[in-house]
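Understanding the architecture of this molecule
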Amino acid sequence: MMVFLPDATIARLQSVANWPEFEGERYAILDQIGRGGMGSVYLAFDARLQREVAIKVSHGVPGADVERRLNEEARILAALEHPGIVPIHDAGRLADGRLFFVMKRIRGATLTDHVQHPSTLSERLGIFERVCDAVNFAHARGVVHRDLKPDNVMIGEFGEVLVMDFGVAQAASASADLDTVLGTRGFMAPEQERGLEVDARADVYSLGAMLAWLIGSHRPPRALHAIAARAMAEDPHERYPTADALAADIARFRAGHAVDAHRESVIERVGRFARTYRVAILLVAAYVVMRAIVAYLRS
Amino acid sequence: MAFPPTRHSVIERLRAAAGGQRSAAFGDLVEGYWKPVYKHLRATCRLGPEDAQDLTQAFFSNAFEKGWLEKFEPGKARFRTFVRVCVDRFAMNARQASGRVKRGGDVRLVPLDFDRAEAEVHVQAPSTPPDAEEFFRQEFVRALFQRAVGAVRQEMAQSGRHVHFTLFERYDLDPAEGVSYAGLAAEFGLTESQVTNYLSLVRRTFRTRALGALRGLCGSDSEFRREARDLFGMDVE
């Protein structure tokens, strides 16, 4: 007997038919929680450690050389202990050849979803600085992300900011077929899009794109716009040399100081000075006015 | 429930075969496409049940006799889109010719259960004409999956794996709120690992069946790989 399958069941079957099968009994897939250009993310239960984990599985099947590089990278990633980086607990290859990465399960929302709720520019820049901090930490240990975007940043239940998928993009890109566009257009550095060798400055570009995306609807001051533009310079040599340098310029902006990316006019400098010290200026002005009134009354 | 026991595309089979073999190849094609065609005529073209039934029969009969579908060129579009465009042209010509379509030829390649298809149309009941391409694609997938689920059910029954299929029904086909591996394990007297393994087997069988049928309904190998990726997010050889 042929049973009618509603749309929801069809979607479910599309998902479960491709759920990864692990050797042994350690990981049991519970649900699919995401799907991107490079792979799908599953919620799973780790029977050995009795905890839920997230498992990312690549779409493609890589060769042996890529697997060697993956293992090397996984060892580096395992050593990346930073509160802003989602650690990879395990990595390997499924029986069907696909790669998998077992990561900490984060409860919260992606940055993409998080900014749907009202937030101030200052809050967004605070999140951005923490992303830069995590990325800079990884860069200092020789790990380039290669796919930084709002979907790869999680805001946890307690406001923690976590960057996901370090190292995943490289392995996934090496295993994907040539027809696939890897990374995410709009957030990917031009040299990466052209398939050239990339370094940490590709991540700086992606951070700049993320900054531009974050401030998009806030009619940003020119200095902030200039920071994003410098981070996204076409030539990698013209970008901030490190994520730390980019974060430092953001910190200067938030503190009301001049930023490296933008040469101010005299009017802008006066305006910034007035905004930064407006309380003190108002007090002095009030004092001067009061003295003037007193002097006038005495005369 | 016959699935094409072949790794060739539908066009390769139709072009290579002759006589009875061609009928068999075309029968596989009709089995995969007749229901999407019928529903497309009902929902998108807004034909009544009788006209849609007549047109569906006539379309496949004419396509078989005149070799329309063999003219497909893989570089131009997906085979599925080509079929839909052929149906649209056929329906338009039939309307212009007589206002009402007559069943064509005596070719009956597979039994077409229009009553069941009509019942499904009523369940779905789109209030406005849907986007033709998207609707046809979804109905193509629905027909494909329904056949694959039926084949899995049969295979599990024949091998005595009734519990396997029941778990598949309970967890994947029609999951109740809060259903879990642990709950199913307790209910069926299994361990959670057994539930995991049973479900993995049925899902794998479903995937194999669905991909086997899909390969037989695509116009080329590259189209099959693209369709498989769109459907399941996976790369296939």
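What comes next concerns the included structure. (Residues numbered from 1 in each chain as written. Chains lettered and ligands numbered in written order. Predicted model: local features only at pLDDT ≥ 70, side-chain atom pairs only at ≥ 80, totals over all residues. Heavy atoms only, no water.)

Re the overall build of chain A
Looking only at helices and strands, chain A features eleven helices and eight strands. Counting only residues that meet the buried cut, chain A has 47% of its 299 residues in that class. Considering only contacts within chain A whose residues lie at least 6 apart along the sequence, 59% involve residues at least 24 apart. Total accessible area on chain A stands at roughly 15400 Å², and carbon and sulfur atoms take up 55% of it. (Helix = DSSP H or I, 4+ residues; strand = E, 2+ residues; numbered from the N terminus. Buried < 20%, exposed > 50% of the residue type's maximum accessible area, 1.4 Å probe, protein only. Contact = heavy atoms within 4.5 Å. Areas by Shrake-Rupley, 256 points an atom, 1.4 Å probe, with all protein chains shown as cover.)

Description of the nonpolar core
Nonpolar side chains in soluble globular proteins tend to end up buried together. Among the nonpolar cores identified, the biggest contains 87 residues, and A:Ile55, B:Leu69, B:Phe79, B:Phe145 and B:Phe206 are the most heavily contacted of them. Ranked by size, the runner-up nonpolar core spans 52 residues in total, among them A:Leu125, A:Leu211, A:Phe253 and A:Val259. (Core = buried A, V, L, I, M, F, W, Y, C linked by side-chain atoms within 4.5 Å.)

Things to note about unusual backbone geometry
The phi dihedral of A:Gln50 falls on the positive side, at around 55 degrees, and the residue is not glycine. Topologically, A:Gln50 is positioned in the loop between strand 2 (39–46) and strand 3 (51–58). A residue is classified by how much of its surface remains accessible, and A:Gln50, at 57% relative accessible area, is exposed. Despite not being glycine, B:Arg46 shows a phi value in the positive range, around 60 degrees. Inspection of the secondary structure puts B:Arg46 in the loop between helix 2 (20–44) and helix 3 (49–66). A residue is classified by how much of its surface remains accessible, and B:Arg46, at 43% relative accessible area, is partly exposed.

A word on the sheet that holds strand 7 (residues 153–156) of chain A
Residue and element names in this part refer to chain A. Strand order across the open sheet formed by three strands is 6-7-8, with antiparallel pairing between neighbours. Here the strands that pair on one side only, and so sit at the sheet edges, are strand 6 (108–110) and strand 8 (161–163). This sheet shows a mean twist of 25 degrees between the axes of neighbouring strands, independent of strand direction. Where strand 6 meets strand 7, three bridges bridge the pair, whose relative direction is antiparallel. Bridge pairing in strand 7 links Gly108 to Gly156. Helix 4 (residues 121–140) rests against strand 7 and strand 8 of the sheet, and its axis sits at about 40 degrees to strand 8. (Pairing = 2+ DSSP bridges. Axes fitted to C-alpha atoms, helices over the stretch in contact; angles between N-to-C directions.)

What to know about the pairing of strand 5 (residues 99–104) of chain A
Residue and element names in this part refer to chain A. With five of six residues buried, strand 5 lies mostly within the body of the structure. Where strand 3 lies against strand 5, five bridges are found, and the strand directions are antiparallel. Note that in strand 5 the partner of Ile55 across the bridge is Val102. Looking at chain direction, strand 4 (residues 88–93) and strand 5 are connected through five bridges and run antiparallel. Paired with Gly92 across the bridge in strand 5 is Phe100. Counting the residues between successive antiparallel strands, the hairpin from strand 4 to strand 5 contains five residues, one of them, Gly97, with a positive phi of roughly 100 degrees.

Thoughts on the interface of chain A and chain B
Between chain A and chain B, the contact holds 27 residues from the first and 36 residues from the second. For the pair chain A and chain B, the interface holds three salt bridges. Among the ionic pairs, B:Arg204 bridges to A:Glu21, the shortest N-O distance being 2.3 Å. Counting across the interface, chain A meets chain B through 13 residue pairs in polar contact (both at pLDDT 80 or more). Per element, the largest residue contribution to the side of chain A that touches chain B is seven residues, and it comes from helix 1 (residues 7–16) of chain A. Residue composition of the side of chain A that touches chain B, grouped by class: 14 nonpolar, seven polar and six charged. (Salt bridge = Lys/Arg side-chain N within 4 Å of Asp/Glu carboxyl O. Polar contact = N/O pair within 3.5 Å; in protein donor to acceptor, adjacent residues only side chain to side chain. Nonpolar A, V, L, I, M, F, W, Y, C, P; charged D, E, K, R; others polar.)

Overview of helix 9 (residues 243–255) of chain A
Working note: α-helix, 3.6 residues per turn, so residues spaced by three or four point in the same direction. Residue and element names in this part refer to chain A. The end-to-end C-alpha separation of helix 9 is 18 Å, in line with the 18 Å expected for 13 residues at 1.5 Å each. Listing the buried residues of helix 9 in full gives Ala243, Leu246, Ala247, Asp249, Ile250 and Phe253. Each buried residue of helix 9 sits inside an arc of 155 degrees when the element is viewed along its axis, so together they form one side. Contacts made by the buried residues of helix 9 are with helix 4, helix 7 (200–215) and helix 8 (222–231). (Expected span 1.5 Å × (residues − 1). Arc of directions from axis to C-beta.)

Side note on the packing of helix 1 of chain A against helix 7 (residues 162–173) of chain B
Where helix 1 of chain A meets helix 7 of chain B, the axes come as close as 10 Å, and the angle between the chain directions of the two elements is 110 degrees. As summarised for this structure, helix 1 of chain A and helix 7 of chain B are arranged roughly perpendicular, according to the angle between their axes. Contacts from A:Thr9, A:Arg12, A:Leu13 and A:Val16 in helix 1 of chain A reach B:Phe168, B:Tyr171, B:Asp172 and B:Leu173 in helix 7 of chain B. Grouping the amino acids of the contact of helix 1 of chain A with helix 7 of chain B by side-chain chemistry returns five nonpolar, one polar and two charged. (Parallel < 35°, antiparallel > 145°, perpendicular 65-115°, else oblique.)

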